[in-house]
Amino acid sequence: MFVFSAAAPAHARDGGILKVGSKRFTESYILGEILRQSAAPHVKAEHRQGLGNTAIVLAALQAGSIDVYAEYMGTIASEILKHDQAIDLAQMRRELAALGLGVAVPLGFNNTYALAVRGDEKAIASLDQLAQHPALKFGLSHEFIGRIDGWPGLAARYGLPQRPRGLDHGIAYEALAQRQVDVIDIYSTDAKIRQYGLRVLADTQQYFPRYDAMLLYRLDVPARFPAAWQALQGLQGRIGEGDMIAMNAAVEIDGKTFSDVARQWLASGTQANKPAAARSKLLDKLIGDDLWSLTRQHVTLVLLSVALACLIGIPLGVLAAFSAPLRQTVLAFVGVLQTVPSLALLAILIPVLGMIGTVPALVALFVYALLPIVRNTCTGILQVPQGLRMAALALGLSRRDRLLHVDLPLALPVMLAGVKTAAVMSVGTATIAAFIGAGGYGERITIGLALNDNDMLLAGAIPAAVLALLTQGLFELVERWAVAGRQR
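Residues numbered from 1 in each chain as written. Predicted model: local features only at pLDDT ≥ 70, side-chain atom pairs only at ≥ 80, totals over all residues. Heavy atoms only, no water.

**Q** Explain helix H7 (residues 151-158) to me, using residue names and the numbers behind them.
**A** Taken together, the buried positions of H7 are Trp-151, Leu-154, Ala-155 and Tyr-158. Along the long axis of H7, the arc covered by the buried residues comes to 95 degrees, so they all point the same way. Looking at the buried residues of H7, the elements they touch are strand S5 (113-118), strand S6 (138-140) and helix H6 (142-146). Phi turns positive, to about 65 degrees, at Gly-159, one or two residues after H7. (Buried < 20%, exposed > 50% of the residue type's maximum accessible area, 1.4 Å probe, protein only. Helix = DSSP H or I, 4+ residues; strand = E, 2+ residues; numbered from the N terminus. Arc of directions from axis to C-beta. Contact = heavy atoms within 4.5 Å.)

**Q** Go over the confidence of the model for the chain with me, naming the residues and quoting the values.
**A** When pLDDT is averaged along the chain, the result is 86; 92% of the residues meet or exceed 70. Low pLDDT (under 50) marks residues 1-8, which in the prediction has 20 contacts with non-local residues, meaning those over four places away or in another chain. The low-confidence segment residues 272-277, where pLDDT is below 50, has seven contacts with residues more than four positions distant or belonging to other chains. (pLDDT = per-residue confidence, 0-100.)

**Q** Outline the side chain of Lys-23, listing residues and values.
**A** Examined against the element boundaries, Lys-23 turns out to sit in the loop between strand S1 (18-21) and helix H2 (26-39). Within the structure, the side chain of Lys-23 is placed 2.9 Å from the side chain of Glu-71, a separation counted as a polar contact. If sequence neighbours within four positions are ignored, Lys-23 has contacts with Ser-28, Tyr-29, Gly-50, Leu-51, Gly-52, Thr-54, Val-57, Tyr-69, Glu-71, Thr-75 and Glu-143. (Polar contact = N/O pair within 3.5 Å; in protein donor to acceptor, adjacent residues only side chain to side chain.)

**Q** Describe in detail empty space enclosed by the protein, supporting the description with residues and values.
**A** Under the defined criterion, the tally for this structure stands at one cavity of 30 Å³ or more. Taken as a whole, the largest cavity encloses approximately 110 Å³ of empty space. Along the walls of the largest cavity sit 13 residues, with Thr-26, His-169, Asp-190, Glu-252 and Ala-450 positioned nearest its centre. When residues of the lining of the largest cavity are traced back to their parent elements, those giving at least two are H2, helix H8 (169-177) and helix H12 (241-252). (1 Å grid on protein atoms, 1.4 Å probe; cavity = no way out; pocket = protein on both sides within 12 Å on 5 of 7 lines; lining within 4 Å. Points joined across faces, edges and corners; volume = space filled by probe spheres on them.)

**Q** Could you give an account of the sheet that holds S5, with specific residues and numbers?
**A** Sheet strands line up and pair through hydrogen bonds in the backbone, either parallel or antiparallel. Taken together, the five strands give an open sheet; going across it, the order is S7-S6-S8-S5-S9, and neighbouring strands pair in mixed fashion. Bordering the open sheet on either side are strand S7 (165-166) and strand S9 (198-200), each of which pairs with just one other strand. Pairing of S6 with S7 involves two bridges; the strand directions are parallel. Note on S7: the bridge partner recorded for Gly-139 is Arg-165. Sheet contacts for H8: S5, strand S8 (183-187) and S9; angle to S8, the most-contacted strand, approximately 135 degrees. (Pairing = 2+ DSSP bridges. Axes fitted to C-alpha atoms, helices over the stretch in contact; angles between N-to-C directions.)

**Q** Outline the pattern of salt bridges, supporting the account with residue identities and numerical values.
**A** Counting across every chain of the model gives 16 salt bridges. With its nearest N and O atoms 3.4 Å apart, the salt bridge here joins Arg-147 to Glu-143. Glu-143 gets classed as partly exposed once you look at its relative accessible area, which sits at 23%. By sharing partners, the salt bridges in this structure join Lys-19, Asp-67, Arg-218, Asp-220 and Arg-224 into a single network. (Salt bridge = Lys/Arg side-chain N within 4 Å of Asp/Glu carboxyl O.)

**Q** Tell me about unusual backbone geometry, and please be specific about residues and values.
**A** Its identity is not glycine, yet Lys-82 carries a phi of approximately 60 degrees, on the positive side. Summarising the element assignment, Lys-82 is placed in the loop between helix H4 (73-80) and helix H5 (89-97). By relative accessible area, Lys-82 is classed as exposed at 52%. Positive phi, normally seen in glycine, also occurs at Arg-179, with a value near 65 degrees.

**Q** Break down the state of the cysteines for me, citing the residues and quoting the values.
**A** By definition, a disulfide is the covalent link that joins the sulfur atoms of two cysteine residues. Within this structure, the stated rule accounts for zero disulfides. In this structure Cys-310 is not part of a disulfide, and its nearest cysteine sulfur, from Cys-378, lies 16 Å away. (Disulfide = S-S within 2.5 Å.)

**Q** Give me the lowdown on the packing of aromatic side chains, citing residues and values where you can.
**A** Here the structure, examined in full by the defined rule, presents eleven aromatic pairs. Between Tyr-113 and Tyr-187 the ring centres are 5.4 Å apart and the planes differ by 40 degrees, which places this aromatic pair in the tilted class. Separated by 74 residues along the polypeptide, Tyr-113 in strand S5 and Tyr-187 in strand S8 bring together distant segments of the chain. With respect to burial, Tyr-113 and Tyr-187 carry one shared label: buried. Consider the rings of Phe-144 and Phe-208, whose centres lie 6.2 Å apart with planes at 45 degrees: the pair is tilted. Linking Phe-144 in helix H6 with Phe-208 in the loop between S9 and strand S10 (213-218), this pair joins segments that are 64 residues apart in sequence. According to the relative accessible area criterion, Phe-144 is buried, its value standing at 0%. Residue classification places Phe-208 among the buried residues on the basis of a relative accessible area of 10%. (Phe/Tyr/Trp six-rings, centres within 6.5 Å; stacked < 30°, edge-to-face > 60°.)

Right, here's the structure in full:
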């Protein structure tokens, strides 16, 4: 389980805001919106959407960065409580209570895992037949590959010899249709099963447990938000499997927004027979209402992380330049930090810092910005001619004055190049901040991945690319100004 810092819990800092979380797939986004809108008349509520896989959302829940989200009983038993078989609700509640969590309000539908093939695969109708076709290409979601109740147990139960490749769930259907893979994992309420004409393979040995959707919440939520909790309890049993499939279809096929679909279902209790909305064009998504807020969040992340990296990295670079014994140690240290995978670093930082959002994202971006700043500062100072240093000392300048008036000014162009590299890299890397609720253009990218919506992906990628070009252009102007000033 996760260990948390002694920092004040997030709910103490956020006051009376009910914070709803969701994972990074369509159904979770929709359920998150249903929870937020159900609670909104009674309390200020916000939806921190697309927070990644179970481990990240659970860490956020335990840290108090979110208060409640929709989870599935099979996932709670296997991924959170680490059981290798189904457990009853009473045992689940006892074990969750030890973690400060509770589970309640069954929403009314079971969204189990399954494997699917193209409809023209006539020879395969059940999971036990997969072993007879070792050449089949499996494209499975990364979480499914690593889950206790996912691929490892499934392969052992059915004796499957294939080696799956990791594939984002949002693009798996298209990969299957293009025959790049032959088998994918699906959720039984996926709207695209019918759209792509897939055959869902029968689980003849009943490997997959039930995944009844319920609310996983912090135990203090009912006491902190009594009216909102009563409203959430009113959702019990109301969402049927057909309703959930229809809501997923309204987003993925008809192009409606998560919030609109949730609002429509809450108003009418169904999504059936609703007229399809015309899909927004790329330009509409690109200059959508959220563009300014996402730009502000993205720029803030980049500016603060690079500023912090300069504050720490420049002194480290100076230290490395003037201390030969420490040089390799400092450069090796910041180099190793650069090799840590970004999502892994974010997942580590959530339990360490006890929160999601801006702070862990800033720490991660700061770590990745250090290397070019430290390295270029060290290189720039080492390139200062030794004769100039000797002349400065002969003129009576102290080592401090020589650093400030000789070494740093002469090294400035190289140092600025390092800061420019760090800033441009941070613009791209900051898109991962959306996976932990820190906003930025990555929000559009995560939604685009979840929906396999290329226009939404581009609506996030294009502004990030433009911002990177603007950042590079700005630093080139500063570099020219610095060179011109030095020549004068």
